[in-house]
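Architecture at a glance
If you want the building blocks of each chain, they are given just below.
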Amino acid sequence: MRGTIGGVFFISILLLVACSGLEVSTTKEPVRGDEKVKEEKPVQREETKVEELPELTEEELHKQEALEELTKRENEVLNHSDYGESNEFHEFVTGVKTRMKTDEKVIALTLDACGGENGSGYDDELISFLDQHNIKANLFLNARWIEAQPTIFMELANNSLFTIENHGTEHRPLSTIPRSAWGIESTASKEEIVAEIIGNQKMILEHTGKLPKHFRSGTAFYDDVSVKIAQDLGLEVVNFDILGDAGATFTADQVKESILQATSGSIVILHMNHPESGTAEGVKMAVLNLLEQGFSFVHLQDYELE
């Protein structure tokens, strides 16, 4: 009995000693002397690169500035509270320019291209004659014609003999109240007038990088308020003192005789969108005659208008 108790006591002592010498283990394995602790490398984040936009060319910068100025003018006109009542409506209302203010023997040929279903042709014979004889001309082009003749338009725009002018977006007479001229309904509000002028102005700027300086409406009819609006949009409204081809309805002889009535500072209206008409042949005869008389042909932008 004593032996048993003694044995149990001895085993208990051994367990107590063993328990008192235990080390508390961790989840990490012990590192041996011949192993190096691996350091965790920081995660490298890729830097977000900001893509640099290409710098604008001088031409693009000029176009952007011109568009900003045009948009500013457009907003000022639209926010203008009162332009007054419409009192006139015809081809020669107050503010419309019809001649160059000069005594020099110079004439301005202005060629309209009206566009639309029956007005989008191109008088190559007429333009080729002017080009061959180094004759300057001012081309009043409608947006519909530009859309119908994009390649020819750019050729003309890049020819220094010609200036590109604004002949409206939809070829409408301009008025703040409903009217009509030659069977074409006019604009009927300030907003419609602005759209008729600005739409084509922006189209020409986009394609050429230049803003036209002069405007002529479809049918060349205006009210006095619309002329003020065009001026506030940065344009001179230009008609004529010589009816050159009466909407491309004159015969060649009639065109010739009409143009020969021109004097120093005259502005002649003709059409370049009806190759079937007598305009080209009449212009040839008249221009050669006027050259012999000592006249020359000029750009409107080089003269003060009246």
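Source: prediction; values computed, not measured.

Moving on to the packing of aromatic side chains. In this description, a pair of aromatic rings is defined by centroid distance and the angle of the planes. Inspection of every chain in the model, using the stated rule, returns three aromatic pairs. Seen from their ring centres, Phe-89 and Phe-221 are 5.5 Å apart, and the 55° between their planes marks the pair as tilted. Of this pair, Phe-89 sits in strand 1 (residues 89-90) while Phe-221 is found in the loop between strand 7 (214-215) and strand 8 (222-223), placing the two residues 132 residues apart along the sequence. In this pair, the class of Phe-89 matches that of Phe-221, namely buried. Residues Tyr-122 and Trp-145 carry aromatic rings whose centres are separated by 6.4 Å and whose planes lie at 50° to one another, so their mutual orientation is tilted. A residue pair is termed long-range when its members are at least 10 positions apart, and Tyr-122 in the loop between strand 2 (106-113) and helix 3 (124-132) and Trp-145 in helix 4 (residues 143-148) qualify at 23 residues. Each member of the pair, Tyr-122 as well as Trp-145, is classed as buried. Its end group placed over the ring of Phe-295, Lys-105 keeps NZ or CZ at 4.8 Å from the ring centre.

Turning next to the environment of Asn-138. Of note, Asn-138 is situated in strand 3 (residues 137-141). In this structure, the C-alpha to C-alpha distance between Asn-138 and Thr-110, residues 28 residues apart in sequence, is 4.7 Å. In contact with Asn-138, other than residues within four places in its own chain, are Ala-108, Leu-109, Thr-110, Leu-111, Thr-163, Val-298, His-299 and Leu-300. At 3.2 Å, the side chain of Asn-138 forms a polar contact with the side chain of Thr-163.

Moving on: the pairing of strand 4 (residues 162-166). The element strand 4 is largely enclosed, with a buried count of five among its five residues. The side-chain alternation of strand 4 yields two buried faces, one formed by Phe-162, Ile-164 and Asn-166 and the other by Thr-163 and Glu-165. Bridge count for strand 3 against strand 4 is five bridges, and the pairing is parallel. What sits directly across from Leu-139, in strand 4, is Ile-164.

Close inspection of predicted coordinates is inappropriate for parts of the model with low pLDDT. Chain-level pLDDT for the protein is 89 on average; 83% of the residues reach the 70-or-more range. At the level of individual helices and strands, the protein shows its lowest average pLDDT in helix 1 (residues 2-20), which scores 40, and its highest in strand 3, which scores 99.

In total, this model carries nine salt bridges according to the counting rule given. Of the charged contacts, one joins Lys-202 and Glu-74 as a salt bridge, the two residues approaching to 3.2 Å between their closest N and O atoms. Of the two residues, Lys-202 is situated in helix 6 (residues 190-208) and Glu-74 in helix 2 (residues 58-79); the sequence distance between them amounts to 128 residues. By relative accessible area, which is 16% here, Glu-74 ends up buried. Across the pair Glu-304 and Lys-101 runs a salt bridge, and its minimum N-O distance is 4.0 Å. A residue pair is termed long-range when its members are at least 10 positions apart, and Glu-304 in the segment after strand 12 (296-297) and Lys-101 in the loop between strand 1 and strand 2 qualify at 203 residues.

On to the nonpolar core. Counting 39 residues, the largest nonpolar core has Leu-130, Trp-145 and Met-272 as the members making the most contacts within it. Per element, the largest residue contribution to this core is five residues, and it comes from helix 9 (residues 279-292). Tyr-83, Ile-197, Val-225 and Val-227 belong to the second largest nonpolar core, which has 19 residues in total.

So, on to helix 2. For helix 2, built from 22 residues, the straight-helix expectation of 32 Å at 1.5 Å per residue is met to within 8% by its first-to-last C-alpha distance of 32 Å. Of the residues making up helix 2, those classed as buried are Ala-66, Leu-70, Glu-74 and Val-77. Relative to the axis of helix 2, the buried residues are bounded by an arc of 75° and lie together on one face. Pointing more than 90 degrees away from the buried face of helix 2 are the exposed residues Glu-58 and Asn-79. Tucked inside the fold, the buried residues of helix 2 contact helix 6 and helix 7 (224-232).

Reading the values: the criteria
- Along each chain, numbering runs from 1 in the same order as the chain's sequence is written.
- With the structure being a predicted model, the display of local features is reserved for residues of pLDDT at least 70 and the display and counting of side-chain atom pairs for 80 or more, all residues being used for whole-chain, interface and lining totals.
- With hydrogens and water set aside, each side-chain value is computed from the structure's full complement of heavy atoms.
- Working definition: a ring pair exists when centres of Phe, Tyr or Trp rings (six-membered ring for Trp) sit within 6.5 Å. Plane angles under 30 degrees give stacked, over 60 give edge-to-face, the rest tilted.
- We count a stretch as a helix when DSSP gives it H or I for four or more residues in a row; a strand needs E for two or more, and each element gets its number in order from the N terminus.
- For every residue, the accessible area obtained with a 1.4 Å probe (protein chains only) is divided by the maximum for its type, and the residue is called buried under 20%, exposed over 50%, and partly exposed between those limits.
- In this scheme, Lys NZ or Arg CZ marks a charge over a ring once it lies within 6 Å of the ring centre and within 35 degrees of the ring normal.
- Here a residue-residue contact requires only that any non-hydrogen atoms of the pair lie within 4.5 Å.
- Definition of a polar contact: a pair of N or O atoms within 3.5 Å, with one able to donate and the other able to accept a hydrogen when the atoms are protein atoms, and with sequence-neighbouring residues admitted only if both atoms are side-chain atoms.
- Pairing between two strands is assigned when DSSP locates at least 2 bridges connecting them.
- The predictor's confidence in any single residue is recorded as pLDDT, a number from 0 to 100.
- By salt bridge we mean one thing: a side-chain nitrogen of Lys or Arg within 4 Å of a carboxyl oxygen of Asp or Glu.
- Definition of nonpolar core: a set of buried residues of the types Ala, Val, Leu, Ile, Met, Phe, Trp, Tyr and Cys, connected through side-chain atoms within 4.5 Å.
- One less than the number of residues in a helix, times 1.5 Å, gives the span that helix is expected to have.
- The arc under discussion is defined with respect to the helix axis, by the directions toward the C-beta atoms.

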